[in-house]
Amino acid sequence: MSFIEFHDLTHCYNQGQENEYMAICGVNLSIEQGSFTVILGRNGSGKSTLAKHINGLLLPTSGVCLVDGRDTQDMDDLWAIRRQVGMVFQNPDNQLIAAVVEDDVAFGPENLGIAPQEIRSRVDEALKAVGMEKYKSFAPHLLSGGQKQRIAIAGALAMRTRCLVLDEPTAMLDPQGREEVLNTVRRLHDEQGITIVYITHFMEEAVAADRIVVMDQGRIQAEGTPREIFCEVEAMKAGGLDVPLAAELAWRLRREGMKLPGQIMTDEELVQALEAYGCPLS
Amino acid sequence: MSIELKEVTYCYMPGTPYERYALRQVSVSIQDGSFTAIAGHTGSGKSTLVQHLNGLLQPSSGQVLVDGIDLKGSDKEARAAAKAARRRVGMVFQYPEQQLFEETVEKDVAFGPKNQGLDPGLVQGRVEEAMNLVGLDYASFRNRSPFQLSGGQKRRAAIAGVLALHPRYLVLDEPTAGLDPCGREDLIRMIQKLHRDWKLTIVFISHSMEDVARLADSVILMNHGECVIQDDPDTVFSRDDLLQAAGLRPPHIQRLLRKLQAAGVPVQTRAKNIEECLARIREGLKHAQ
Amino acid sequence: MLNNIAIGQYFPGNSILHRLDPRVKLVLLLVYLAEVFVFSNARSYMILGATAGLLIWISGVPFRMVLRSLKPLWWIILFTFIIHLFSHPGTPLWTIGMFTMTWEGVNQGVFISLRLILLILMSSLLTFTTSPLRLTDALESLLNPLKRFGLPAHELAMMMTIALRFIPTLIEETDKIMKAQESRGADFSTGSVLSRLRNMVPVLVPLFLSAFRRADELAMAMEARGYRGGIGRTRMKVLQIGSVDYLAVFLFLLMTAALCMISWAG
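What counts and what doesn't
Residues numbered from 1 in each chain as written. Chains lettered and ligands numbered in written order. Predicted model: local features only at pLDDT ≥ 70, side-chain atom pairs only at ≥ 80, totals over all residues. Heavy atoms only, no water. Helix = DSSP H or I, 4+ residues; strand = E, 2+ residues; numbered from the N terminus. Rg over C-alpha atoms; globule rule 2.2 N^0.38 Å. Buried < 20%, exposed > 50% of the residue type's maximum accessible area, 1.4 Å probe, protein only. Contact = heavy atoms within 4.5 Å. Areas by Shrake-Rupley, 256 points an atom, 1.4 Å probe, with all protein chains shown as cover. Lys, Arg positive; Asp, Glu negative; His and termini not counted. Charge placed at Lys NZ, Arg CZ, Asp CG, Glu CD. 1 Å grid on protein atoms, 1.4 Å probe; cavity = no way out; pocket = protein on both sides within 12 Å on 5 of 7 lines; lining within 4 Å. Points joined across faces, edges and corners; volume = space filled by probe spheres on them. Nonpolar A, V, L, I, M, F, W, Y, C, P; charged D, E, K, R; others polar. UniProt positions renumbered as here; feature names shortened; annotations may be inferred. Buried area = accessible area lost by both parts, 1.4 Å probe. Salt bridge = Lys/Arg side-chain N within 4 Å of Asp/Glu carboxyl O. Polar contact = N/O pair within 3.5 Å; in protein donor to acceptor, adjacent residues only side chain to side chain. Pairing = 2+ DSSP bridges. Axes fitted to C-alpha atoms, helices over the stretch in contact; angles between N-to-C directions. Core = buried A, V, L, I, M, F, W, Y, C linked by side-chain atoms within 4.5 Å. Domains from an automatic or database assignment. Left-handed = near helix turned anticlockwise from the far one by under 90°.

**Points about the overall build of chain B**
- Each helix and strand counted, chain B has twelve helices and ten strands in total.
- In summary, chain B has a C-alpha radius of gyration of 21 Å against a globular reference of 19 Å for 289 residues, a match within 12%.
- Viewed in the frame of its principal axes, chain B has a C-alpha envelope of about 70 × 50 × 35 Å.
- Here chain B, with 289 residues, has 54% of them falling under the buried criterion.
- Sequence separation of at least 24 residues holds for 60% of the intrachain contacts in chain B that already meet a minimum separation of 6.
- Accessible area for chain B stands at about 12,200 Å²; split by element, carbon and sulfur atoms hold 47% of it.
- Chain B carries 36 positive and 35 negative side-chain charges, and their two centres are separated by 1 Å.

**Points about empty space enclosed by the protein**
- Tallied over the entire structure, the rule returns three cavities of 30 Å³ or more.
- Quantified by volume, the largest cavity comes out at close to 220 Å³.
- Of the residues in the lining of the largest cavity, the class split is eight nonpolar, three polar and seven charged.
- Counted as a void, the second largest cavity has a volume near 80 Å³.
- Around the second largest cavity sit G86, M87, F89, Q95, A152, A156 and M159 of chain A together with A221, A224 and R225 of chain C, which together line it.
- At the level of secondary structure, the elements contributing two or more residues to the lining of the second largest cavity comprise β6 (85–88) and α5 (145–157) of chain A together with α10 (201–224) of chain C.

**Concerning the UniProt feature "domain: ABC transporter" (unreviewed entry) in chain A**
- The positions that UniProt labels "domain: ABC transporter" (unreviewed entry) are, in the present scheme, residues 4–242 of chain A.
- Annotation note: span residues 4–242 of chain A, helix share 38%, strand share 26%, distance between end C-alpha atoms 27 Å.

**A few points about the interface of chain B and chain C**
- Each partner contributes residues to the interface: chain B has 23 residues there, and chain C has 21 residues.
- Buried surface at the junction of chain B and chain C, both sides included, amounts to about 2,000 Å², of which 59% is carbon and sulfur.
- In this structure, the connection of chain B to chain C is made through one salt bridge.
- A salt bridge links D108 of chain B to R184 of chain C, with the nearest nitrogen and oxygen atoms 3.0 Å apart.
- Here chain B and chain C share seven residue pairs in polar contact (both at pLDDT 80 or more) between them.

**Details of the interface of chain C and chain A**
- Contacts between the two partners involve 30 residues from chain C and, on the opposite side, 38 residues from chain A.
- Between chain C and chain A, the buried area comes to about 3,100 Å², and carbon and sulfur atoms account for 56% of it.
- Across the contact surface, chain C and chain A share seven salt bridges.
- For E110 of chain A, the salt bridge identified is with R233 of chain C, shortest N-O distance 2.8 Å.
- The interface formed by chain C and chain A contains 16 residue pairs in polar contact (both at pLDDT 80 or more).
- Elements with a minimum of two residues in the side of chain C that touches chain A: α8 (153–183) and α10 of chain C.
- Class assignment for the residues of the side of chain C that touches chain A results in 14 nonpolar, seven polar and nine charged.

**Brief notes about the sheet that holds strand β3 (residues 35–39) of chain B**
Residue and element names in this part refer to chain B.
- The strand order across the open sheet formed by six strands is β6-β7-β8-β3-β9-β10, and the pairing between neighbours is mixed. Lying at the two open borders of the sheet, with one neighbouring strand each, are β6 (89–92) and β10 (226–231). Averaged over all neighbouring strand pairs, the angle between strand axes comes to 15°, with direction disregarded.
- Note: strand β9 (residues 218–223) against β10, five bridges, orientation antiparallel. Directly across from I220, in β10, lies its bridge partner Q230.

**A few points about the environment of E102 of chain A**
- Within the secondary structure layout, E102 of chain A lies in helix α3 (residues 101–112).
- Not counting chain neighbours up to four residues away, the residues in contact with E102 of chain A comprise R120, V123, L127 and K136 of chain A together with M236 and K237 of chain C.
- Looking at E102 of chain A, its side chain comes within polar contact range of the side chain of K237 of chain C, at 3.0 Å.

**Concerning the nonpolar core**
- Counting residues in hydrophobic clusters, the biggest one holds 50 residues, and the most contacted among them are L163, L170 and L221 of chain B.
- Among the elements that line this core, the one with the most residues is helix α6 (residues 151–163) of chain B, at six residues.
- Apart from the residues lying within four places of it in its own chain, the contact partners of L221 of chain B are A39, E226, C227, V228, I229, V236, L242, L243, A246 and L248 of chain B.
- Counting residues in hydrophobic clusters, the runner-up holds 49 residues, among them A106, L143, L188 and I229 of chain A.

**Some points on the domain arrangement of chain B**
Residue and element names in this part refer to chain B.
- Along its sequence, chain B is carved into domain 1 (1–88 + 167–249), domain 2 (98–166) and domain 3 (251–289).
- Here domain 1 and domain 3 have C-alpha centroids that lie 31 Å from each other.
- Contacts between the two partners involve eight residues from domain 1, matched on the other side by eight residues from domain 3.
- Between domain 1 and domain 3 lies a buried interface of about 830 Å² when both sides are counted; carbon and sulfur atoms form 47% of it.

**Some details on the sheet that holds strand β4 (residues 62–67) of chain A**
Residues and elements named next belong to chain A.
- Ordered in space as β2-β1-β4-β5, the four strands form an open sheet in which the pairing is antiparallel. Across the chains shown, the open sheet's two edge strands, defined by having one partner strand only, are β2 (21–32) and β5 (70–71).
- As paired strands, β4 and β5 are joined by two bridges and run antiparallel to one another. Bridge pairing links V67 to R70 in β5.
- Each of β1 (2–13), β2 and β4 touches helix α1 (residues 47–54); the most contacted strand, β1, lies at about 125° to it.

**Focus: the layout of surface pockets**
- Approximately 2,000 Å³ is the volume found for the second largest pocket.
- Surrounding the second largest pocket, 46 residues form its lining, N43 and Q90 of chain A, G151 and K154 of chain B together with R213 of chain C being those nearest its centre.
- If you list the elements that add at least two residues to the lining of the second largest pocket, you get β2 and α1 of chain A, α6 and α7 (181–197) of chain B together with α10 of chain C.
- When residues in the lining of the second largest pocket are grouped by element, the largest group, seven residues, is from α10 of chain C.
- The residue makeup of the lining of the second largest pocket, split by class, is 16 nonpolar, 17 polar and 13 charged.

**Focus: helix α1 (residues 46–53) of chain B**
- Most of α1 of chain B sits inside the fold, with seven of its eight residues counted as buried.
- Just downstream of α1 of chain B, G55 of chain B is the residue with a positive phi angle, here 75°.

**A few points about the packing of α3 of chain A against α5 of chain A**
Residues and elements named next belong to chain A.
- Between α3 and α5, the shortest axis-to-axis distance is 7 Å and the interhelical angle comes to 35°. For the pair α3 and α5, the crossing hand works out as right-handed. In this structure, α3 contributes V101, D104 and V105 to the contact, and α5 contributes I151, A154 and G155.
- Looking at the contact of α3 with α5 residue by residue, the class counts come to four nonpolar, one polar and one charged.

This is the structure:
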């Protein structure tokens, strides 16, 4: 069952003004319930604009965005949609509201008007789910970037969100923080079946997805499984994006005339293929 | 000619309950003409270290010498010399676009040279040169507002603002942070050009061991405020023990080659970039057959 | 690195004073301050002073730290004291030039200084034993009844919460921008006041731009988390008046009764 649907979605900033700018042009896409979708694209490709439509932070200039069958343009449904779709943004500093971690996680449920004891148990549960229960009385500015992002994720979980939209959550983090965030997201997807829409320009992170959507200049350029996408090395490079090291090496070796099986994406696959190539008899 | 740090120790807020040693007895040297990388995870003291290079921070103990001049001048004459020495070190902070403030790119880039008291004709020459160096065409960008540029262009404008000071050493704190693959590649090429053609000594902080491997000729590895090792990249990346303790991994290319080696393909594991990696694989396969 | 600096001067602890409901603390403090003005005689000040000493002891905050809060105002206290010494007519004690120190002046000076000292000590004891967040909650709760007169109690409290959250971030950012501009030869420490002010432009412009960007992003994040003002909102931490609070109020009333007795009966 599809959870999010975009029909001919177009978004235009500053419409009718001199600096009018088409960020999204006629996107059709549906995202399945319980799936892990990565949206890849370079800066300015429209991927963040698309993400902000999912919980009605931006409304389509034309076309429709449906979340669980509800139209984001219907003001009466907006709060129900926001309850189901949690957002995590790029800058970890600009999305935490309270000066204490647990108060921040409580912010969402407080807005929903839930009873205090229930909020408390949700907050504890959410902090545990992201492995940050030890930090509940910390001040956010004393945490690392990766930890701040995990708190932001906990804030969404405490609202009992069914879907997490992460808008370049790792762009400002170091490799360690990036791994922390990605592992947390992957675990939530695997264990709790939360629908994930993950926006990034790091292709290493995209390998974990069920499906990749590549955006360029406001349009969907390609979509498919990570394997399908990353084996189109030339197309990806032309679009200003990277591919995993193994895929790139395999592509270049093949171009030199080496006979390697297609669709190599991971180190292990490449090692296996080269091993077979090097010692064909064994 | 070089920058030398001799047993530099730095302590934040000494004598308070918040006292914390960010650097302990760090001795490193940055040779003239080198491309030096500083690696280490967040909180290892990298940023504190680079702020000593142009005297933004003064060591709690120890010495910083730029071309033989101690940045902590003891008398009036020595302080003037120290000030001149500090000017030889240009500093580009993380997300440098956040320091832009003028109405036009030209005025912003001119801020540094003007502060140095150069006369207007000279300032304009410096600005034009610096903008062209970073790939912002002087004629077409000089009158644009820095705030209307794209992310990558803003960063270039900010770097031009430092280059206009005519530094001999250029220090960059994670210059590619937040850029997409395309923007990263462009910026790295630009920095390489500055090193190669303009003979600038480059010092850069990076989280990406891939970038360190392909760019640097000297690596300073930091962990818990100490310099664990300073050596050429091959030597540093062969020290798994030190890397692991510092929370880092060797570059992906080398990890892959090691996996190949372990699988019985006789490859050498030293490779700086993807071309060298391909060469190692070809050699290895030839050897195997 | 400025990010280690705690906001305010909260001294974490678990004393009875720490555990009191912040609203009770705030109200009792206000009444205490009023009493310092009303019962302006030696015997009352002994009781009020002893209470202050006792409370500081109970709080577990080192006495030295509490005294340190007087430091910034030390000169004002001294200055007021000296002014009073010479400005009251009465029995002359000592004369230099046109100034005459009087017995009444000394008396008044001591009182005024003690009054200031008690005011400062007790107010800072409140901030030592109450985290800024609990104070914010207390203010919101106390101001709540004024909502019907149009006072935006929730919005004020939300603003304070956000300010508390962002002050350390902005301090850190200011530090970074100043260093970046210093690296480009900016000078913040020499020159006249006017030129120093002008030299701050390269710091203030980026700082404001960044603050606006942060505000924009924060507003979006709040909206995404279902925020739509104070209506229909609940709180995880609800302030509750407990037995300790009743005890505190009772003891405070006892002290007030004692003050009344010695001031008016004696």
